[in-house]
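Architecture at a glance
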Number of protein chains: 2
Amino acid sequence: MANEKKIDCVILGLLSHEELTGYEIKKRMDTALSYFWNASYGSIYPALSDLVDRGLAVRRDGAASRRNKLIYTITEDGRNYLKNWLAQPASKDELRYETLLKLFFGAEQGEEQALSHIEAFEAKIKKELPYLLSAEQILKEHQNDADAHKYYLLTVSFGIKTYHTYLEWCAEAKQLLSARRG
Amino acid sequence: MANEKKIDCVILGLLSHEELTGYEIKKRMDTALSYFWNASYGSIYPALSDLVDRGLAVRRDGAASRRNKLIYTITEDGRNYLKNWLAQPASKDELRYETLLKLFFGAEQGEEQALSHIEAFEAKIKKELPYLLSAEQILKEHQNDADAHKYYLLTVSFGIKTYHTYLEWCAEAKQLLSARRG
DNA sequence: CATATAATATATCATATTGATATATTGAAG
DNA sequence: CTTCAATATATCAATATGATATATTATATG
């Protein structure tokens, strides 16, 4: 055990909520999960075929309705596989912030450049925050509709809290760097 | 441009501060950078050989002093390569938090398990926080010794701020889940 | 109504990275 | 004088990214 591929688990997790196409899975990833998890088409599509081969998901041809849409549904085995993975402690939580990395080596670049990295980061966070806030709004309203909403809300509130902290840090960091220039 | 491998840039960045062995690079990564960047031996050692081949670093045999220690130093070309990369905007900032991922799919596992994921996360953060706080202390005392310290301090304060927010969130999340049980 | 554009949809592949493991030396503790 | 932890380099299968190719459908615009 504990050898589960992450991509299989995320996909099964999303399929545990609803049946989806590969494209829709990527969209969910880019919206609902993007502030704590990411995946590319290059891992999603092969993983979907693999999950079908292993009987953890089934593929249905949605062509009846329109175009070559392939719809995936989780199986009982898939649900058990997911549950087994969920029962294990999280093996890794990590950040990969290129902004922080560039800032760490700031002595090599000077304050102007360091400042512009912070400003770009700040702008990115300010742009994403409204989406999280509106998601929170909607989730709070429909809190009792589905059990999944409660957990979704927990992760959204994590995102909102950390994003606010990021903005606080940006303000302080900018001040610290600017002050030294004057 | 903009095709720089991340691993090359982190290594050159660390070498811009001081000459290091591959093992020491990994150690720096695991301590000073771990809360915003990570890398494995499997990427460090091949990258070092590659950097030497491309003239961005030089390898010196430290065997004179002891054992088969290979010490790496950044070259002028290496420094220029680093500066060029630093001048470009950060291409990606992302989290990869398995804890949040498992929590997102909480409906499939129930509140007990969700709670234990949060508790494990909380414990991990509480364990790491003191290291950041002591680093902050030391950096503040030696703030003016080297230019690099100022930038290091910026990233450390980012870590401290976000970790405190994580702990706040943990408390709220635990309460939310526990309240519903009673 | 034609057509340009954006969104939907699947797929592949070279390149990058992880995670695990193997091997050996050195320093410190008991 | 031996065991244990730390130092040190290295490799490799498995995994994931990032970029790109291709085609269809829906929508907007002159």
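Model, not experiment: these values are computed from the prediction.

1. With respect to the relation of the copies chain A and chain B
When chain A is brought onto chain B, the operation consists of a screw motion whose angular component is 180 degrees and whose axial shift is 0.0 Å, with 0.0 Å RMSD remaining. Taken together, these values place the two copies in the relation of a two-fold axis. Scanning chain A for the C-alpha nearest the rotation axis identifies Leu 95 of chain A, at a separation of 2.2 Å.

2. Looking at the protein's contact with DNA strand C
For DNA strand C, the set of nearby residues contains 24 residues, the closest of which are Thr 21, Gly 42 and Leu 70 of chain A together with Lys 6 and Gly 42 of chain B. Broken down by secondary-structure element, the contributors of at least two residues to the surface near DNA strand C are helix H2 (22-33) and helix H3 (41-53) of chain A together with helix H1 (6-17) and helix H3 (41-53) of chain B. Ranked by the residues each element gives to the surface near DNA strand C, the list is headed by H3 of chain A, at four residues. A per-class count over the surface near DNA strand C returns eight nonpolar, eight polar and eight charged.

3. Topic: the interface of chain A and chain B
Contacts between chain A and chain B engage 53 residues on the former and 53 residues on the latter. Going through the elements one at a time, helix H1 (6-17), helix H4 (76-87), strand S3 (93-97), helix H5 (98-104), helix H6 (111-141) and helix H7 (147-181) of chain A are the ones with two or more residues in the side of chain A that touches chain B. Of the residues forming the side of chain A that touches chain B, the biggest block, 15 residues, is contributed by H7 of chain A. Classifying every residue of the side of chain A that touches chain B by side-chain character gives 29 nonpolar, 13 polar and 11 charged.

Rules behind the numbers
- Residues numbered from 1 in each chain as written.
- Chains lettered and ligands numbered in written order.
- Predicted model: local features only at pLDDT ≥ 70, side-chain atom pairs only at ≥ 80, totals over all residues.
- Least-squares fit on C-alpha atoms with pLDDT ≥ 70 in both.
- Near = placed C-beta within 6 Å.
- Helix = DSSP H or I, 4+ residues; strand = E, 2+ residues; numbered from the N terminus.
- Nonpolar A, V, L, I, M, F, W, Y, C, P; charged D, E, K, R; others polar.
- Contact = placed C-beta atoms within 7 Å.

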